[in-house]
Every structure is written in structure tokens, then in C-alpha cells.
Amino acid sequence: MNILAGALALACAGCTPAHQPESQTSKNVAMGTWQLVAKTTYIGDTVRHDKIAGTRTIKIINDTHFAFLTHEAPIPGDTTRPAPVFVAGGGTYTLRDSVYTEVLEYCNFREWENHEFTFTLKVKGDSLIQSGEEKVEAANISQTIVERYIRVK
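Since this is a predicted model, take the numbers as computed values, not measurements. (Residues numbered from 1 in each chain as written. Predicted model: local features only at pLDDT ≥ 70, side-chain atom pairs only at ≥ 80, totals over all residues. Heavy atoms only, no water.)

**Here we look at a nonpolar patch on the surface**
Part 1 of the reasoning: A contiguous nonpolar surface patch, about 250 Å² in accessible area, is contributed by I60, L69 and F86.
Part 2 of the reasoning: Take I60: it is sitting in strand 3 (residues 55-61). (Patch = residues over 30% accessible without salt bridge, like charges linked within 9 Å, V, L, I, M, F, W, Y side chains within 5 Å. Areas by Shrake-Rupley, 256 points an atom, 1.4 Å probe, with all protein chains shown as cover. Salt bridge = Lys/Arg side-chain N within 4 Å of Asp/Glu carboxyl O. Helix = DSSP H or I, 4+ residues; strand = E, 2+ residues; numbered from the N terminus.)

So, in C-alpha cells, the structure goes:
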């Protein structure tokens, strides 16, 4: 009886649960917590390198969902800056080869909600690079982004 139970456990060890999308298995190298270290935005001929100093952005990717959180810490004594910024969003995603598509279900910028964004995703070691188009007609947004992350240990 123990041999049969062991053989059954071994046979099912590589099975993917029925609820899990086939493209998102335990070998999904994008899963984890990532910290943004650089972001470049292209709008037409304009290139903008977003400041990372003073902010922290993390992106969390699990089997089926993603979330991002950005917090800008206030600088003591700096009265020229507006109130600290907090940005958050999340939703579901698919990953097929290097094509990463997010469906933004939740966002504090509500006009971004219920939009789909397709990116190219590259993971090498503890680095993740996400690049692609962001278009939200309701917000008059049409831009290309390149985000570079490092894995949070």
C-alpha cells in the first residue's frame, strides 16, 4: 500500500492544479517581490527618466495576480514639495514566454482601471525589465515605458 501511495504522489508532483493558468506554473521566474530601480518614459520625442530617489516602488507578482505600491517619503524641512505621494494598483496577469499582460483591476487613478497593458518581460538572475506601451484614452495617456527592477531578498 505504501508503494502505491508513493508512486501516486510522485506521479502527481509535476501536476499543475486545475485552477492555475497553464502559462503560470511554479517555474514562473517573474514571481516574487521586486523593487523599482529605474524608469524611463517615452512620450513622442520626449524621454523622461523618472526620479527614484526619495521614493520606493515595489511590485509583487504571485501565481495569478500582481500589485504595485509607490510611496514618496516626505523630506523633513522641505516645504516646496506637495504632500507625500502614495500610488497603488493591481489585478490579474498572464505571462506567455516574454509577453506579460496585466489587467489593472484596482488603482487609485481610477481612469486606469479595467485596462489591459501588454509588456515584454525579461528576467535575468535578480533583475527584471518590463517594457511596453501604456495607453489610457480617458486620461490622455499614450507612452512607452521601460522599468528596471531588482528582486527583493
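**Some remarks on the pairing of strand 1 (residues 32-43)**
Part 1 of the reasoning: Two strands pair when backbone bridges link them, and strand 1 and strand 3 are joined in this way by 4 bridges, in the antiparallel orientation. Counted as the bridge partner of W34 is K59 from strand 3.
Part 2 of the reasoning: Across 8 bridges, strand 1 lies against strand 9 (residues 141-151) in antiparallel orientation. In the strand pairing of strand 9, Y42 is matched with T144.
Part 3 of the reasoning: Pairing geometry for strand 1 and strand 2 (residues 46-49), over 4 bridges, is antiparallel. Along strand 2, the bridge assignment pairs Y42 with V47.
Part 4 of the reasoning: The loop that links strand 1 with its antiparallel partner strand 2 comprises 2 residues; one of these, G44, has a positive phi angle of about 60°. (Pairing = 2+ DSSP bridges.)

**Examining the environment of T40**
Part 1 of the reasoning: Along the chain, the position of T40 falls in strand 1.
Part 2 of the reasoning: In this structure T40 comes out as buried when scored by relative accessible area, which is 7%.
Part 3 of the reasoning: Sequence-wise, T40 and S131 are 91 residues apart; in three dimensions their C-alpha atoms are separated by 9.4 Å.
Part 4 of the reasoning: Excluding residues that lie within four positions of it along the chain, T40 makes contacts with V47, R48, H49, T144, I145, V146 and R148.
Part 5 of the reasoning: Reaching out from T40, the side chain makes a polar contact with the side chain of H49 at a distance of 3.2 Å. (Buried < 20%, exposed > 50% of the residue type's maximum accessible area, 1.4 Å probe, protein only. Contact = heavy atoms within 4.5 Å. Polar contact = N/O pair within 3.5 Å; in protein donor to acceptor, adjacent residues only side chain to side chain.)

**Quick notes on the pattern of salt bridges**
Part 1 of the reasoning: With the rule as written, the count across this model stands at 4 salt bridges.
Part 2 of the reasoning: Salt-bridge contacts for E147 lead to K39; the nearest nitrogen and oxygen are separated by 3.6 Å. One end of the pair, E147, is in strand 9; the other, K39, is in strand 1, and 108 residues separate them in sequence. This pair shows no difference in class: E147 is buried, exactly as K39 is.
Part 3 of the reasoning: Where K59 meets E102, a salt bridge forms, and the shortest distance between an N and an O atom there is 2.6 Å. Of this pair, K59 sits in strand 3 while E102 sits in strand 6 (residues 99-107), and the two are 43 residues apart along the sequence. Comparing K59 with E102 shows no difference in burial state: the two are buried.

**Section: the packing of aromatic side chains**
Part 1 of the reasoning: The full count for this structure, using the stated rule, is 3 aromatic pairs.
Part 2 of the reasoning: Consider the rings of Y100 and F119, whose centres lie 6.5 Å apart with planes at 35°: the pair is tilted. With Y100 in strand 6 and F119 in strand 7 (residues 115-124), this residue pair connects regions lying 19 residues apart in the sequence.
Part 3 of the reasoning: Taking the relative accessible area as the measure of exposure, Y100 reaches 0% and is therefore buried.
Part 4 of the reasoning: Connected via pairs of aromatic rings, a cluster forms that spans Y93, Y100 and F119. (Phe/Tyr/Trp six-rings, centres within 6.5 Å; stacked < 30°, edge-to-face > 60°.)

**Quick look at the pairing of strand 7**
Part 1 of the reasoning: Two elements, strand 6 and strand 7, share 6 bridges in a ladder whose sense is antiparallel. Paired with E102 across the two strands is F117, which belongs to strand 7.
Part 2 of the reasoning: Both strand 7 and strand 8 (residues 127-136) contribute to a ladder of 6 bridges, which runs antiparallel. Bridging across to strand 8, K124 finds its partner in S127.
Part 3 of the reasoning: Taken together, strand 7 and the strand that follows it, strand 8, pair antiparallel across an intervening segment of 2 residues, in which G125 is found at a positive phi of about 60°.

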